[in-house]
Amino acid sequence: MKIQSIDTIILESPYEYGVKAAEQESTGPKYSCLVRIRTDEGIEGVGDVDSHPHVIKAMIDAPTATPGLIDGLRNVLIGMNPLETDLIWNKLYEAGYYYGRRGGHLQAISGIDIALWDIKGKVLNQSVSVLLGGRFHEKMKAYASTLFRDTPDNMKAAVNKYRTLGFKAIKFGWGSFTQNPRYGISLVEAARKEAGDEIDIMVDGYITNNDIVFATEIVNRLAEFGVYWMEEPLPSDNLIGFRKLSENAKVTIATGEQLGGTFEYAELIEKGNPDIVQFDISRCGGLTEAKKIVEMARMHSKLICPHAWTSDILTAASLHLNSNTPDAIFQEFCTNDTPTSRDIALNPIELTPDGYINVPTLPGLGISLNEEIIERYKVV
(Lines give C-alpha, C1' and ligand atoms only; values in the text may rest on other atoms or scores of the structure.)
Protein backbone atom coordinates (compact mmCIF):
# COMPACT_ATOMS: atom_id res chain seq x y z
CA MET A 1 0.00 0.00 0.00
CA LYS A 2 1.25 3.46 -0.94
CA ILE A 3 0.18 7.04 -0.40
CA GLN A 4 -1.40 8.28 -3.59
CA SER A 5 -2.47 11.84 -2.82
CA ILE A 6 -2.61 14.55 -0.18
CA ASP A 7 -5.01 17.48 -0.20
CA THR A 8 -4.86 20.55 2.02
CA ILE A 9 -8.42 21.82 2.45
CA ILE A 10 -8.99 25.38 3.64
CA LEU A 11 -12.42 26.16 5.07
CA GLU A 12 -13.74 29.67 5.63
CA SER A 13 -16.27 30.32 8.36
CA PRO A 14 -19.14 32.72 7.58
CA TYR A 15 -18.50 34.39 10.96
CA GLU A 16 -15.78 36.58 12.39
CA TYR A 17 -13.86 35.49 15.48
CA GLY A 18 -15.27 36.58 18.84
CA VAL A 19 -18.21 36.38 21.24
CA LYS A 20 -20.98 39.00 21.33
CA ALA A 21 -23.27 38.03 24.20
CA ALA A 22 -23.40 35.87 27.31
CA GLU A 23 -25.78 33.34 25.84
CA GLN A 24 -24.03 33.15 22.49
CA GLU A 25 -20.97 31.08 21.71
CA SER A 26 -17.66 32.23 20.33
CA THR A 27 -17.45 32.22 16.55
CA GLY A 28 -14.09 31.35 15.12
CA PRO A 29 -11.52 30.77 13.89
CA LYS A 30 -12.18 32.43 10.53
CA TYR A 31 -10.21 29.81 8.59
CA SER A 32 -9.51 26.18 9.37
CA CYS A 33 -7.27 23.59 7.77
CA LEU A 34 -7.88 19.90 7.05
CA VAL A 35 -5.37 17.46 5.62
CA ARG A 36 -6.74 14.51 3.66
CA ILE A 37 -4.50 11.63 2.58
CA ARG A 38 -5.56 8.80 0.24
CA THR A 39 -3.85 5.50 -0.52
CA ASP A 40 -3.79 3.45 -3.70
CA GLU A 41 -6.10 0.97 -1.96
CA GLY A 42 -8.81 3.59 -1.42
CA ILE A 43 -8.25 4.10 2.31
CA GLU A 44 -8.43 7.70 3.47
CA GLY A 45 -7.18 9.49 6.56
CA VAL A 46 -7.86 13.00 7.77
CA GLY A 47 -5.97 15.43 10.00
CA ASP A 48 -6.52 18.91 11.40
CA VAL A 49 -4.02 21.76 11.81
CA ASP A 50 -4.52 24.63 14.25
CA SER A 51 -2.45 27.20 12.39
CA HIS A 52 -2.74 29.61 9.46
CA PRO A 53 -4.19 27.29 6.78
CA HIS A 54 -2.72 29.16 3.81
CA VAL A 55 0.77 28.87 5.29
CA ILE A 56 0.30 25.15 5.92
CA LYS A 57 -0.87 24.58 2.35
CA ALA A 58 2.25 26.32 1.05
CA MET A 59 4.46 24.08 3.20
CA ILE A 60 2.81 20.96 1.83
CA ASP A 61 2.55 22.01 -1.82
CA ALA A 62 5.97 23.65 -2.23
CA PRO A 63 8.14 22.25 -5.06
CA THR A 64 11.50 20.58 -4.57
CA ALA A 65 14.33 23.10 -4.24
CA THR A 66 17.14 20.69 -3.39
CA PRO A 67 16.34 16.93 -3.39
CA GLY A 68 16.69 15.43 0.07
CA LEU A 69 17.37 18.80 1.66
CA ILE A 70 14.79 21.45 0.76
CA ASP A 71 11.41 20.09 -0.26
CA GLY A 72 7.66 20.47 0.00
CA LEU A 73 6.06 17.79 2.14
CA ARG A 74 3.86 16.39 -0.64
CA ASN A 75 6.93 15.32 -2.62
CA VAL A 76 8.29 13.39 0.35
CA LEU A 77 4.99 11.74 1.18
CA ILE A 78 3.73 10.43 -2.17
CA GLY A 79 4.61 6.78 -2.73
CA MET A 80 5.46 5.93 0.87
CA ASN A 81 3.81 3.23 2.96
CA PRO A 82 1.36 5.07 5.28
CA LEU A 83 1.88 2.53 8.07
CA GLU A 84 5.53 3.55 8.47
CA THR A 85 4.69 6.60 10.55
CA ASP A 86 8.07 6.92 12.28
CA LEU A 87 9.99 6.70 9.00
CA ILE A 88 7.67 9.18 7.30
CA TRP A 89 7.85 11.61 10.23
CA ASN A 90 11.62 11.73 10.10
CA LYS A 91 11.73 12.20 6.34
CA LEU A 92 9.20 15.03 6.56
CA TYR A 93 11.21 16.66 9.33
CA GLU A 94 14.42 16.45 7.32
CA ALA A 95 12.70 18.09 4.33
CA GLY A 96 12.63 21.38 6.23
CA TYR A 97 16.30 21.28 7.17
CA TYR A 98 17.21 24.46 5.31
CA TYR A 99 14.12 26.65 5.75
CA GLY A 100 13.30 25.74 9.36
CA ARG A 101 12.07 22.48 10.85
CA ARG A 102 9.93 24.02 13.58
CA GLY A 103 7.02 26.46 13.49
CA GLY A 104 4.78 26.10 10.45
CA HIS A 105 6.77 23.20 9.02
CA LEU A 106 6.22 21.13 12.14
CA GLN A 107 2.55 22.10 12.24
CA ALA A 108 2.10 20.86 8.66
CA ILE A 109 3.77 17.59 9.66
CA SER A 110 1.29 17.38 12.54
CA GLY A 111 -1.75 17.36 10.26
CA ILE A 112 -0.15 14.75 8.02
CA ASP A 113 0.79 12.55 10.96
CA ILE A 114 -2.74 12.64 12.41
CA ALA A 115 -4.13 11.57 9.03
CA LEU A 116 -1.60 8.73 8.80
CA TRP A 117 -2.65 7.39 12.21
CA ASP A 118 -6.25 7.55 11.01
CA ILE A 119 -5.26 5.42 8.00
CA LYS A 120 -3.26 3.01 10.16
CA GLY A 121 -6.27 2.42 12.40
CA LYS A 122 -8.56 1.79 9.44
CA VAL A 123 -6.11 -0.64 7.86
CA LEU A 124 -5.67 -2.60 11.09
CA ASN A 125 -9.33 -2.20 12.15
CA GLN A 126 -8.35 -0.69 15.48
CA SER A 127 -8.92 2.66 17.17
CA VAL A 128 -5.92 4.99 17.38
CA SER A 129 -5.89 4.69 21.18
CA VAL A 130 -5.39 0.93 20.92
CA LEU A 131 -2.56 1.40 18.41
CA LEU A 132 -0.90 3.93 20.72
CA GLY A 133 -0.64 1.15 23.27
CA GLY A 134 -4.02 0.74 24.93
CA ARG A 135 -6.96 2.52 26.52
CA PHE A 136 -6.52 3.44 30.18
CA HIS A 137 -9.70 5.53 29.95
CA GLU A 138 -12.95 4.93 28.06
CA LYS A 139 -14.16 8.45 28.75
CA MET A 140 -12.63 11.78 29.75
CA LYS A 141 -13.94 14.60 31.89
CA ALA A 142 -14.52 17.52 29.52
CA TYR A 143 -14.15 21.22 30.10
CA ALA A 144 -16.07 23.78 28.10
CA SER A 145 -13.46 25.89 26.34
CA THR A 146 -14.83 29.34 25.62
CA LEU A 147 -14.02 33.06 25.65
CA PHE A 148 -14.44 35.53 28.50
CA ARG A 149 -17.66 37.51 28.55
CA ASP A 150 -17.31 41.25 29.16
CA THR A 151 -19.25 41.78 32.42
CA PRO A 152 -19.70 39.87 35.70
CA ASP A 153 -23.40 39.32 34.95
CA ASN A 154 -22.59 37.92 31.53
CA MET A 155 -20.02 35.60 33.11
CA LYS A 156 -22.67 34.28 35.48
CA ALA A 157 -25.07 33.70 32.60
CA ALA A 158 -22.38 31.81 30.68
CA VAL A 159 -21.57 29.59 33.67
CA ASN A 160 -25.23 28.76 34.09
CA LYS A 161 -25.46 27.87 30.42
CA TYR A 162 -22.56 25.40 30.58
CA ARG A 163 -23.83 23.91 33.82
CA THR A 164 -27.18 23.27 32.12
CA LEU A 165 -25.39 21.53 29.25
CA GLY A 166 -23.75 19.17 31.76
CA PHE A 167 -20.20 20.53 32.02
CA LYS A 168 -18.40 20.10 35.32
CA ALA A 169 -15.48 22.29 34.25
CA ILE A 170 -15.19 25.54 32.27
CA LYS A 171 -12.22 27.43 30.87
CA PHE A 172 -12.63 31.11 30.04
CA GLY A 173 -9.98 32.65 27.83
CA TRP A 174 -8.59 35.87 26.44
CA GLY A 175 -10.90 38.80 25.58
CA SER A 176 -11.68 41.05 28.53
CA PHE A 177 -9.25 39.25 30.83
CA THR A 178 -6.19 39.76 28.65
CA GLN A 179 -7.20 43.34 27.82
CA ASN A 180 -7.32 44.21 31.52
CA PRO A 181 -6.19 41.43 33.90
CA ARG A 182 -7.16 43.39 37.03
CA TYR A 183 -10.70 43.79 35.70
CA GLY A 184 -10.55 40.14 34.67
CA ILE A 185 -10.30 39.18 38.34
CA SER A 186 -13.84 40.47 38.88
CA LEU A 187 -15.02 38.33 35.95
CA VAL A 188 -13.47 35.22 37.47
CA GLU A 189 -14.97 36.08 40.85
CA ALA A 190 -18.43 36.27 39.26
CA ALA A 191 -17.91 32.93 37.52
CA ARG A 192 -16.93 31.28 40.80
CA LYS A 193 -19.95 32.70 42.64
CA GLU A 194 -22.26 31.27 39.98
CA ALA A 195 -20.41 27.96 39.69
CA GLY A 196 -20.16 27.21 43.39
CA ASP A 197 -17.68 24.55 44.44
CA GLU A 198 -18.88 21.81 42.08
CA ILE A 199 -17.52 23.21 38.80
CA ASP A 200 -13.80 23.60 38.03
CA ILE A 201 -12.86 27.01 36.65
CA MET A 202 -9.76 27.59 34.52
CA VAL A 203 -8.37 30.86 33.15
CA ASP A 204 -6.53 31.29 29.84
CA GLY A 205 -4.82 34.36 28.41
CA TYR A 206 -1.76 36.54 28.46
CA ILE A 207 -1.18 38.68 31.52
CA THR A 208 2.12 40.21 30.45
CA ASN A 209 5.22 39.58 28.36
CA ASN A 210 7.87 40.16 31.01
CA ASP A 211 6.44 41.76 34.18
CA ILE A 212 6.62 38.67 36.38
CA VAL A 213 5.78 40.62 39.55
CA PHE A 214 2.52 41.76 37.98
CA ALA A 215 1.78 38.27 36.61
CA THR A 216 2.36 36.77 40.05
CA GLU A 217 0.02 39.34 41.63
CA ILE A 218 -2.79 38.49 39.19
CA VAL A 219 -2.30 34.73 39.42
CA ASN A 220 -2.31 34.77 43.20
CA ARG A 221 -5.46 36.90 43.26
CA LEU A 222 -7.08 34.21 41.11
CA ALA A 223 -6.15 31.65 43.74
CA GLU A 224 -8.75 33.25 46.02
CA PHE A 225 -11.44 31.91 43.69
CA GLY A 226 -10.16 28.34 43.44
CA VAL A 227 -8.94 28.55 39.85
CA TYR A 228 -7.80 25.08 38.75
CA TRP A 229 -5.09 26.42 36.46
CA MET A 230 -3.81 29.60 34.85
CA GLU A 231 -2.96 28.97 31.20
CA GLU A 232 -0.56 30.91 28.98
CA PRO A 233 -0.03 33.87 31.36
CA LEU A 234 3.24 34.55 29.49
CA PRO A 235 4.48 33.85 25.96
CA SER A 236 5.41 30.15 25.72
CA ASP A 237 9.05 30.88 24.94
CA ASN A 238 9.57 33.08 28.03
CA LEU A 239 11.09 30.15 29.88
CA ILE A 240 12.87 32.14 32.58
CA GLY A 241 9.66 34.04 33.26
CA PHE A 242 7.67 30.83 33.57
CA ARG A 243 10.13 29.41 36.08
CA LYS A 244 9.96 32.57 38.22
CA LEU A 245 6.17 32.59 38.03
CA SER A 246 5.82 28.88 38.80
CA GLU A 247 8.03 29.24 41.86
CA ASN A 248 5.79 31.93 43.35
CA ALA A 249 2.31 31.12 42.02
CA LYS A 250 -0.44 29.78 44.25
CA VAL A 251 -2.28 28.45 41.18
CA THR A 252 -1.24 25.60 38.90
CA ILE A 253 0.52 26.96 35.79
CA ALA A 254 -0.19 25.45 32.37
CA THR A 255 1.41 26.24 29.01
CA GLY A 256 2.78 24.80 25.80
CA GLU A 257 0.25 25.08 22.97
CA GLN A 258 2.47 27.39 20.91
CA LEU A 259 5.49 25.09 20.93
CA GLY A 260 6.43 22.14 18.75
CA GLY A 261 8.69 19.10 18.84
CA THR A 262 10.42 17.27 21.66
CA PHE A 263 13.35 19.69 21.77
CA GLU A 264 11.14 22.67 22.60
CA TYR A 265 9.16 20.73 25.20
CA ALA A 266 12.35 19.48 26.82
CA GLU A 267 13.42 23.12 27.20
CA LEU A 268 10.00 24.09 28.50
CA ILE A 269 9.98 21.37 31.14
CA GLU A 270 13.57 21.80 32.27
CA LYS A 271 13.82 25.61 32.15
CA GLY A 272 10.22 26.84 32.42
CA ASN A 273 9.00 24.23 34.91
CA PRO A 274 5.20 24.57 34.39
CA ASP A 275 2.90 22.23 36.27
CA ILE A 276 0.88 21.16 33.21
CA VAL A 277 2.28 20.66 29.69
CA GLN A 278 -0.29 21.64 27.07
CA PHE A 279 0.95 20.62 23.65
CA ASP A 280 -1.44 20.73 20.71
CA ILE A 281 -1.34 17.51 18.67
CA SER A 282 -2.03 19.48 15.49
CA ARG A 283 0.97 21.74 16.15
CA CYS A 284 3.56 19.79 18.15
CA GLY A 285 4.33 17.15 15.50
CA GLY A 286 1.22 14.98 15.49
CA LEU A 287 0.48 11.88 17.50
CA THR A 288 3.91 10.40 16.79
CA GLU A 289 5.66 13.30 18.53
CA ALA A 290 2.94 13.88 21.15
CA LYS A 291 3.41 10.35 22.47
CA LYS A 292 7.07 11.16 23.16
CA ILE A 293 6.18 14.47 24.80
CA VAL A 294 3.73 12.71 27.12
CA GLU A 295 6.40 10.28 28.29
CA MET A 296 8.89 13.11 28.77
CA ALA A 297 6.40 15.10 30.83
CA ARG A 298 5.50 12.12 32.99
CA MET A 299 9.20 11.41 33.65
CA HIS A 300 9.43 14.94 35.08
CA SER A 301 6.26 14.56 37.19
CA LYS A 302 4.28 16.92 34.96
CA LEU A 303 0.62 16.55 34.13
CA ILE A 304 -0.50 16.84 30.51
CA CYS A 305 -3.66 18.19 28.93
CA PRO A 306 -3.68 18.49 25.13
CA HIS A 307 -4.83 21.80 23.69
CA ALA A 308 -7.67 21.19 21.21
CA TRP A 309 -9.58 24.18 19.92
CA THR A 310 -10.53 23.44 16.33
CA SER A 311 -12.76 20.64 15.03
CA ASP A 312 -13.91 17.19 16.12
CA ILE A 313 -10.93 15.74 14.24
CA LEU A 314 -8.46 17.28 16.70
CA THR A 315 -10.79 16.53 19.61
CA ALA A 316 -10.84 12.86 18.58
CA ALA A 317 -7.05 12.71 18.24
CA SER A 318 -6.69 14.28 21.69
CA LEU A 319 -9.21 11.86 23.18
CA HIS A 320 -7.24 8.91 21.86
CA LEU A 321 -3.99 10.24 23.34
CA ASN A 322 -5.70 11.04 26.66
CA SER A 323 -7.15 7.55 26.68
CA ASN A 324 -3.63 6.15 26.37
CA THR A 325 -2.27 8.37 29.19
CA PRO A 326 -2.80 6.85 32.67
CA ASP A 327 -2.90 10.18 34.54
CA ALA A 328 -4.68 12.32 31.94
CA ILE A 329 -6.84 14.95 33.64
CA PHE A 330 -9.18 16.70 31.17
CA GLN A 331 -10.36 16.80 27.59
CA GLU A 332 -10.69 20.27 26.10
CA PHE A 333 -14.06 20.65 24.35
CA CYS A 334 -14.22 23.68 22.09
CA THR A 335 -17.70 25.18 22.29
CA ASN A 336 -17.37 27.32 19.14
CA ASP A 337 -20.65 27.76 17.32
CA THR A 338 -19.01 27.70 13.92
CA PRO A 339 -19.97 25.25 11.15
CA THR A 340 -16.35 24.64 10.18
CA SER A 341 -15.68 23.52 13.77
CA ARG A 342 -18.90 21.86 14.84
CA ASP A 343 -20.47 20.47 11.68
CA ILE A 344 -17.71 18.79 9.68
CA ALA A 345 -18.30 15.38 11.31
CA LEU A 346 -21.27 13.17 10.48
CA ASN A 347 -20.82 11.62 13.94
CA PRO A 348 -19.96 14.65 16.09
CA ILE A 349 -18.34 14.21 19.47
CA GLU A 350 -20.89 14.91 22.19
CA LEU A 351 -20.94 15.54 25.91
CA THR A 352 -22.56 12.91 28.13
CA PRO A 353 -25.08 14.06 30.78
CA ASP A 354 -22.45 13.60 33.51
CA GLY A 355 -19.92 15.93 31.84
CA TYR A 356 -17.70 13.39 30.10
CA ILE A 357 -16.83 12.53 26.50
CA ASN A 358 -16.58 8.93 25.40
CA VAL A 359 -13.39 7.96 23.57
CA PRO A 360 -14.24 6.90 19.98
CA THR A 361 -14.16 3.16 19.40
CA LEU A 362 -14.40 3.00 15.59
CA PRO A 363 -11.23 2.25 13.57
CA GLY A 364 -8.77 5.11 13.22
CA LEU A 365 -9.83 8.41 14.73
CA GLY A 366 -13.45 7.29 14.53
CA ILE A 367 -14.61 10.45 12.70
CA SER A 368 -16.56 10.50 9.42
CA LEU A 369 -16.45 13.75 7.42
CA ASN A 370 -19.54 15.63 6.34
CA GLU A 371 -18.67 16.20 2.69
CA GLU A 372 -21.58 18.59 2.18
CA ILE A 373 -20.24 20.96 4.85
CA ILE A 374 -16.71 20.72 3.48
CA GLU A 375 -17.83 21.58 -0.04
CA ARG A 376 -19.98 24.45 1.21
CA TYR A 377 -17.19 26.21 3.10
CA LYS A 378 -14.11 25.14 1.13
CA VAL A 379 -12.23 28.05 -0.42
CA VAL A 380 -9.11 26.20 -1.60
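Residues numbered from 1 in each chain as written. Predicted model: local features only at pLDDT ≥ 70, side-chain atom pairs only at ≥ 80, totals over all residues. Heavy atoms only, no water.

Draft legend 1. Geometry of the packing of helix α4 (residues 104–124) against helix α13 (residues 286–299). The contact between α4 and α13 brings their axes to 6 Å, and the two run at 95°. Between α4 and α13, the crossing angle belongs to the class labelled roughly perpendicular. Contacts between α4 and α13 pair Ser110, Asp113, Ile114 and Trp117 from the former with Gly286, Leu287 and Thr288 from the latter. Tallied by class, the residues present in the contact of α4 with α13 amount to three nonpolar, three polar and one charged. (Axes fitted to C-alpha atoms, helices over the stretch in contact; angles between N-to-C directions. Helix = DSSP H or I, 4+ residues; strand = E, 2+ residues; numbered from the N terminus. Parallel < 35°, antiparallel > 145°, perpendicular 65-115°, else oblique. Contact = heavy atoms within 4.5 Å. Nonpolar A, V, L, I, M, F, W, Y, C, P; charged D, E, K, R; others polar.)

Draft legend 2. Seen up close, helix α3 (residues 85–95). Within α3, burial applies to Thr85, Ile88, Trp89, Leu92, Tyr93 and Ala95. Each buried residue of α3 lies within a common arc of 155° when the element is viewed along its axis, so the set occupies one face. Tucked inside the fold, the buried residues of α3 contact β1 (3–12), α2 (73–77), α4, α11 (261–272) and α13. (Buried < 20%, exposed > 50% of the residue type's maximum accessible area, 1.4 Å probe, protein only. Arc of directions from axis to C-beta.)

Draft legend 3. A nonpolar patch on the surface, seen in detail. Taken together, the side chains of Tyr31, Val379 and Val380 make up a nonpolar region of the molecular surface, amounting to roughly 220 Å² of accessible area. Tracing the sequence through the fold places Val379 in the segment after α16 (371–377). When its relative accessible area of 39% is taken as the criterion, Val379 is described as partly exposed. (Patch = residues over 30% accessible without salt bridge, like charges linked within 9 Å, V, L, I, M, F, W, Y side chains within 5 Å. Areas by Shrake-Rupley, 256 points an atom, 1.4 Å probe, with all protein chains shown as cover. Salt bridge = Lys/Arg side-chain N within 4 Å of Asp/Glu carboxyl O.)

Draft legend 4. Expanded view of the nonpolar core. In terms of nonpolar packing, the biggest core is built from 81 residues, with Phe172, Leu222, Met230, Phe279 and Ile281 touching the most fellow members. The residues contacting Ile281, other than those within four sequence positions of it, are Ser110, Ile114, Gly286, Leu287, Ala290, His307, Leu314, Ala317, Ser318 and Leu321. Listed in part, the 26 residues of the second largest apolar core include Ile3, Val49, Met80 and Ala95. (Core = buried A, V, L, I, M, F, W, Y, C linked by side-chain atoms within 4.5 Å.)

Draft legend 5. Broad picture of α13. If you check α13, its first and last C-alpha atoms are 20 Å apart, about what 14 residues at 1.5 Å a residue would give, namely 20 Å. Directly after α13, the chain includes Ser301, whose backbone phi takes a positive value near 60°. (Expected span 1.5 Å × (residues − 1).)

Draft legend 6. Main features of the sheet that holds β1. Reading across the sheet, the three strands line up as β1-β2-β3 and stay open at both edges, with antiparallel pairing between neighbours. The open sheet has two edge strands, β1 and β3 (44–49), and neither has a second partner. Recorded for the sheet is a direction-independent mean angle of 20° between the axes of neighbouring strands. (Pairing = 2+ DSSP bridges.)

Draft legend 7. Main features of the pattern of salt bridges. Taken as a whole and judged by the stated rule, the model has 27 salt bridges. Of the charged contacts in the structure, one is a salt bridge between Asp204 and Lys171, with a shortest N-O distance of 3.8 Å. Of this pair, Asp204 sits in strand β6 (residues 200–204) while Lys171 is found in strand β5 (residues 169–173), placing the two residues 33 residues apart along the sequence. Residue classification places Asp204 among the buried positions, given a relative accessible area of 6%. Glu231 is the salt-bridge partner of Lys171, the closest N and O atoms lying 2.9 Å from each other. Taken together, the positions of Lys171 in strand β5 and Glu231 in strand β7 (residues 227–231) put the pair 60 residues apart, joining distant regions of the chain.

Draft legend 8. Main features of the environment of Gly134. One can find Gly134 in the loop between α5 (128–131) and β4 (139–147). In sequence terms Gly134 and Asn324 are 190 residues apart; their C-alpha atoms lie 5.6 Å from each other.

Draft legend 9. A look at the side chain of Asp50. Checked against the element boundaries, Asp50 lands in the loop between β3 and α1 (53–61). An unpaired buried charge is present at Asp50: no salt bridge exists, and Arg283, the closest side chain of opposite charge, is 5.0 Å distant. Aside from chain neighbours lying at most four places away, what touches Asp50 is Asp280, Ser282, Arg283, His307 and Thr310. (Lys, Arg positive; Asp, Glu negative; His and termini not counted.)

Draft legend 10. The packing of α11 against α13, seen in detail. One can describe the packing of α11 onto α13 by two numbers: an axis separation of 10 Å at closest approach and a directional angle of 20°. For the element pair α11 / α13, the angle class is roughly parallel. The crossing of α11 and α13 is right-handed. Contacts between α11 and α13 involve Gly261, Thr262, Tyr265, Ala266 and Ile269 from the first element and Glu289, Lys292, Ile293, Met296 and Ala297 from the second. (Left-handed = near helix turned anticlockwise from the far one by under 90°.)

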